[in-house]
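# Reading the structure
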Amino acid sequence: MSDGKPRSFQEIILRLQDYWAAKGCAILQPYDMEVGAGTFHPATTLRALGSRPWAAAYVQPSRRPTDGRYGENPNRLQHYYQYQVLIKPSPPDLQDLYLGSLAAIGIDFDYHDIRFVEDDWESPTLGAWGLGWEVWCDGMEVSQFTYFQQVGGHDCRPVSGELTYGLERLAMYVLGIDHVMDMPFNDPDAPIPLKYGDVFRQTEEEYSRWNFDVADTAKLLHFFEAAEAECGRILDHPQLDPRSGKRIIMVHPAYDQCIKASHFFNLLDARGVISPTERQAYIGRVRALAKRCADAFVETNAGGWTGDAPAAAE
Amino acid sequence: MPDLLIELFSEEIPARMQAGARDALRERVTNGLVEAGLTYAAARAWSTPRRLTLAVEGLTARSPDLREERKGPRTDAPEQALEGFLRSTGLSREQLQARDDKKGQVWVAILEKPGRPAPEIVAEVLEATIRSFPWPKSMRWGTGSLRWVRPLQSILCILSDEAGAEIVPLEVDGIRAGDVTRGHRFMAPEPFRVTGIEDYQAKLKRGFVMLDQDERAAHIWHEATNAAFAQGLELVEDRGLLAEVAGLVEWPVVLMGAIREEFLSLPAEVLQTSMKEHQKFFSVRDPGTGRIVRFVTVANRETPDNGETILHGNGKVLAARLSDAAFFWGNDLAVARAGMEEWRAALGQVTFHNKLGSQADRIARIEALASEIEPLVGADPDLAAQAARVAKLDLASSMVYEFPELQGTMGRYYALEAGLGDAVANAARDHYSPLGPSDDVPTEPVSVAVALADKLDTLTGFWAIDEKPTGSKDPFALRRAALGVIRLVLGNGVRMSLSEMGLGHLMRSHVVRSGEGRNGDGYGFGGQTDFLIEFFVMLSGGGFGGGDYQKAEFWRAEATEKTSDLLAFFHDRLKVFLKDQGIRHDVIDACLSMPGNDDLTLLVRRAEALNAVLRTEDGENLVQGFRRANNILTQAEAKDGVEYSFGADPKFAEDPAETALFAALDAAEAAIGPAMGAEDFAAAMAAMASLRGPIDAFFEAVQINAENPILRRNRLNLLHRIRATCLSVADLTRIEGG
């Protein structure tokens, strides 16, 4: 990989991976489920809880069914990529580390105007909030920068610093592309050069049609309720596993169901079958699941449980 | 006298919080210093996105030594008393002095509190200030427990004088105060030392930081107006945006860019709102056409290409935003030209409030009410109804969905596009007004009718479902709605009985109509808009057994009660409003007890006339005379157990002053009656005030409680005439003071 300006979407991703690897982050892989944002990855949601230090970075494919535009809108997609960094405790030089990552993908601070503009982050579905900024580069929002204060209703101690890059938008800006589908995905000089559209235009059409008109709302509703019930059922199990004789709290399997419920809700929302009043109720139901998962996670080793006594409830 | 310089250097502070933070830092630190015994000559606070700075000039170097003598128990007092005294003073017996006192010999404690050096005091005060700083929202970071608006990175705290600078010894959660700061994040990131306030300002300027927010704002304004002027254009003034942008940059660089041709046909308000909300751009207008043709963005740095890259990037973001806006505008125009039916249908699906139905239900109610109001404001009945039907349709448009603050503004464009004419279109725009106390009041009759109908429907609706404002909670902005009604009524001289209008609307629109029979609802009654059904069912204990007549009577009683409660709310708001106009609350009370108090125009005219007359010497003294007459009469009536209202007879008048009072009352009554009938309150008040001389003379010359019972009774009856005459004008018993 060369210095100077990156030439493709994937080169930007690779440079971010290299950069954060060099800064000591574990480079994780995407979570293998449909999520609305990189924050839903358990590497963020759950690992932001408890006292154990953590540093991870990963690409997360994200789905927002309501944003589907059949691949026609220059920058709206129902499936897109986020780049996510979570470091706990947040290091004192996190802003500088972040700026270093922008430099790594070819943004020259001598010529660009970088701004940290107030943007408090809140996820009603995760029962989480934090303070931070949206980062502007020449008036374009290129990242979200958040100091997590609460997740799943628990105070974050220590506080995690979270960075989220909207990869398509950032890459379009760096590469000077006006329509996302025209963006080089691999190197433009490769034997088989591929544009973003070559990879995703057809899927955007397919999913837009399905999301908006075809998805079976009765089934989605049923799936939502099934996931909700299963999440609760998993967590209702006693901690002691009779087969292995070990204390095994099944947080991640339960959290998977929470993620599913959240995605089914998003699909229902895109189908336009959720009224504004019901909307709040659904969000509250997902939040209740996230809260239970968070409660359970802090009872596990990864969540800082030390084995002597149950971790004190926040 | 040293100067104190404090800089709290942090990650980016939200622009909207900076002004409050400056004030809080200045007040808390200076108050703390003064409380600890220091004095200072001047204090100023500044802020940039990354720093909060306080400069205190001419601070005393030490707090003064204090000496206090405290008298204790007598030397022969019991041991416990002495021990208590020693405990409270913290001294030992040897340190006390025995002194002679009037009551004998007593112990005296000499308490000496030596002054403390300024650095010690500053350190304490600043630490306390940091730990309890009133940020609207604060956070923790890393492993610490300190809260600040964003991570606090360093503290500069020095005391400086001719001899040099001294770092104030202070550490807050591992952050040790020093004399070092940094310049602009990108243009001058190297740390540097600071030796005093001037040195700090000068070095910051060299480090590309304009410390003073006012200087930044002035700079931005100046540069931006110049750039616009140079091209024959003008900058659209926006003070809020200016303050915000000045809070986003340390080194403001103004850049002006063009708006692409394809977007120039968008309404000016759309361009302005989109640019301001999304990009924090100023708008630049062509004074000839009134169109927005350029934008101004404020960058936070200078660049080797003079901002070209930055401007290009910003222009690109703007183009993407305006593409969205143009798309919305195009879609909306198509719907508008087709008569807006699509929006009408859509609003049937949008809930206004779950107990008050959909937006479509609400529009139907407003239309009905506007038709009632229209004759009172001289609006064309067809136009008023039409305006009420379309005024809120833009709520379903894409543009208003994207920019809620453009409601009404878009409504006007769309109504014109639908061919509905100016009166209706202006009502769509203006019926939300007045929003604030300084907002203009609509005057076009159609707009007034719809504006009043809209607000009255909101008020009666929320009163019907018992969602009244309480304390500081007013989630549906009902106080504002009531003030809006008051200003619309008074501003246009509308004569309207609020009680009748409110009751009528409550009965017609918010209460089920009896006798129409609704199928399948289990209650056997119904109407088109039955929002109160649950409320009344609940009140009545779950069901109605009686006939329709009883139900109707029940609802009427409920609605009447709610109407009078709503009227009281209007009166409260009116008092607040009139107080700001210089009319005392007791003057309003005196008029509130008069008939027709639900006609605000009449009520206020009466109050204004009374207020004016009370400011005259006659008026002021008349109140005294009235009070005296009223007191004597009330006491006599209480004592005698009778009411002296039989009509005084002039033939028993003994004193010329008494005779004169009879004549004056005759004249005043003759004038007051017709004046009141003609609602000429000034004339009625003047006639009342003219009684002042005769009343004063009467009290001067005559003893009321005369020994002759006939004379006494006649005089008391005369007092009754005074009272009755005055009370026919206003309830003077409500007037306070003496």
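Residues numbered from 1 in each chain as written. Chains lettered and ligands numbered in written order. Predicted model: local features only at pLDDT ≥ 70, side-chain atom pairs only at ≥ 80, totals over all residues. Heavy atoms only, no water.

Put simply, the rule is: UniProt positions are given in the numbering used here, feature names are shortened, and annotations may be inferred rather than shown by experiment.
As annotated in an unreviewed UniProt entry, chain B is Glycine--tRNA ligase beta subunit from Rhodovulum strictum. UniProt annotates chain B under Catalytic activity (unreviewed entry) with the comment "tRNA(Gly) + glycine + ATP = glycyl-tRNA(Gly) + AMP + diphosphate". The UniProt entry for chain B carries the following comment under Subcellular location (unreviewed entry): "Cytoplasm".

Naming follows an unreviewed UniProt entry, where chain A appears as Glycine--tRNA ligase alpha subunit of Rhodovulum strictum. The UniProt entry for chain A carries this comment under Catalytic activity (unreviewed entry): "tRNA(Gly) + glycine + ATP = glycyl-tRNA(Gly) + AMP + diphosphate". As recorded by UniProt, the Sequence similarities (unreviewed entry) comment attached to chain A reads in full: "Belongs to the class-II aminoacyl-tRNA synthetase family."

### Focus on a nonpolar patch on the surface
We apply this condition: Only residues whose relative accessible area exceeds 30% and that form no salt bridge are eligible for patches; like-charged ones are grouped when within 9 Å, while nonpolar side chains (Val, Leu, Ile, Met, Phe, Trp, Tyr) are grouped when within 5 Å. Accessible surface is estimated by sampling points in the Shrake-Rupley manner with a 1.4 Å probe; for residues, cover comes only from the protein chains shown. Any carboxyl oxygen of Asp or Glu within 4 Å of a side-chain nitrogen of Lys or Arg constitutes a salt bridge here. Only DSSP runs of H or I covering at least 4 residues are called helices, and only runs of E covering at least 2 are called strands; the numbering of each starts at the N terminus.
A cluster of nonpolar side chains, contributed by A:Ile192, A:Leu194 and A:Val199, occupies part of the molecular surface with about 250 Å² of accessible area. Mapped onto the elements, A:Leu194 comes out in the loop between α4 (167-175) and α5 (196-214).

### What about the packing of helix α7 (residues 268-279) of chain B against helix α8 (residues 308-337) of chain B?
The angle between the axes and the distance between the axes are what describe a pair of packed helices. Residue and element names in this part refer to chain B. Cut-off, in case you're wondering: Angles run from 0 to 180 degrees between N-to-C directions of axes, and those axes are lines fitted to C-alpha atoms, restricted for helices to the stretch in contact. Convention used here: angles under 35 degrees read as roughly parallel, angles over 145 as roughly antiparallel, angles from 65 to 115 as roughly perpendicular, and any remaining angle as oblique. Left-handed describes a crossing whose near helix is turned anticlockwise from the far helix through less than a right angle; right-handed describes the clockwise counterpart. In this analysis, two residues are considered to be in contact whenever any of their non-hydrogen atoms come within 4.5 Å of each other. Each residue gets one label: Ala, Val, Leu, Ile, Met, Phe, Trp, Tyr, Cys and Pro are nonpolar, Asp, Glu, Lys and Arg are charged, and the others, such as Gly, are polar.
Two elements in contact, α7 and α8, have axes whose closest approach is 10 Å; the angle formed by their N-to-C orientations is 125°. The orientation of α7 with respect to α8, classified from their angle, is oblique. Considering how the two elements wind past one another, α7 and α8 form a crossing that is right-handed. Touching Val270, Leu271, Ser274, Met275, His278 and Gln279 of α7 are Asn314, Val317, Leu318, Arg321, Leu322 and Ala325, all from α8. Considered class by class, the residues forming the contact of α7 with α8 number 7 nonpolar, 4 polar and 1 charged.

### Some points on helix α3 (residues 94-104) of chain A
Threshold: Only protein chains enter the accessibility calculation, which uses a 1.4 Å probe; a residue is then buried when its area is under 20% of its type maximum, exposed when over 50%, and partly exposed in between.
Among all positions of α3(A), only A:Leu94, A:Gln95, A:Leu97, A:Tyr98, A:Leu99, A:Ser101 and A:Leu102 are buried. Once α3(A) ends, the next one or two residues include A:Gly106, with phi positive near 95°.

### Here's the deal with the packing of aromatic side chains
Two aromatic rings, taken as a pair, are described by how far apart their centres are and by the angle between their planes. Residues and elements named next belong to chain A. The condition that has to hold: In summary, the pairing rule links any two rings of Phe, Tyr or Trp, Trp by its six-membered ring, whose centres are within 6.5 Å, and it sorts them by plane angle into stacked for under 30 degrees, edge-to-face for over 60 and tilted for everything else. We call a charge positioned over a ring when the NZ of a Lys or the CZ of an Arg lies within 6 Å of the ring centre and within 35 degrees of the ring normal.
In this structure the tally under the stated criterion is 36 aromatic pairs over all chains. Taking 5.5 Å as the distance between ring centres and 80° as the angle between the ring planes, the aromatic pair formed by Phe9 and Tyr196 counts as edge-to-face. You can see Phe9 sitting in helix α1 (residues 9-22) and its partner Tyr196 sitting in helix α5, a full 187 residues away along the chain. With a relative accessible area of 0%, Tyr196 lands in the buried category. Between Tyr98 and Phe116, the ring centres sit 6.4 Å apart and the planes meet at 70°, which makes this aromatic pair edge-to-face. Taken as a pair, Tyr98 in helix α3 and Phe116 in strand β4 (residues 114-118) lie far apart in primary sequence, 18 residues in all. Of the two residues examined, Tyr98 and Phe116, each falls in the buried class. Grouped by ring-pair contacts, the aromatic residues Tyr83, Tyr98, Phe116, Trp133, Phe145, Tyr147 and Tyr165 constitute a single cluster. In this arrangement the basic side chain of Arg247 is found over the ring face of Trp305, its NZ or CZ atom lying 3.3 Å from the centre.

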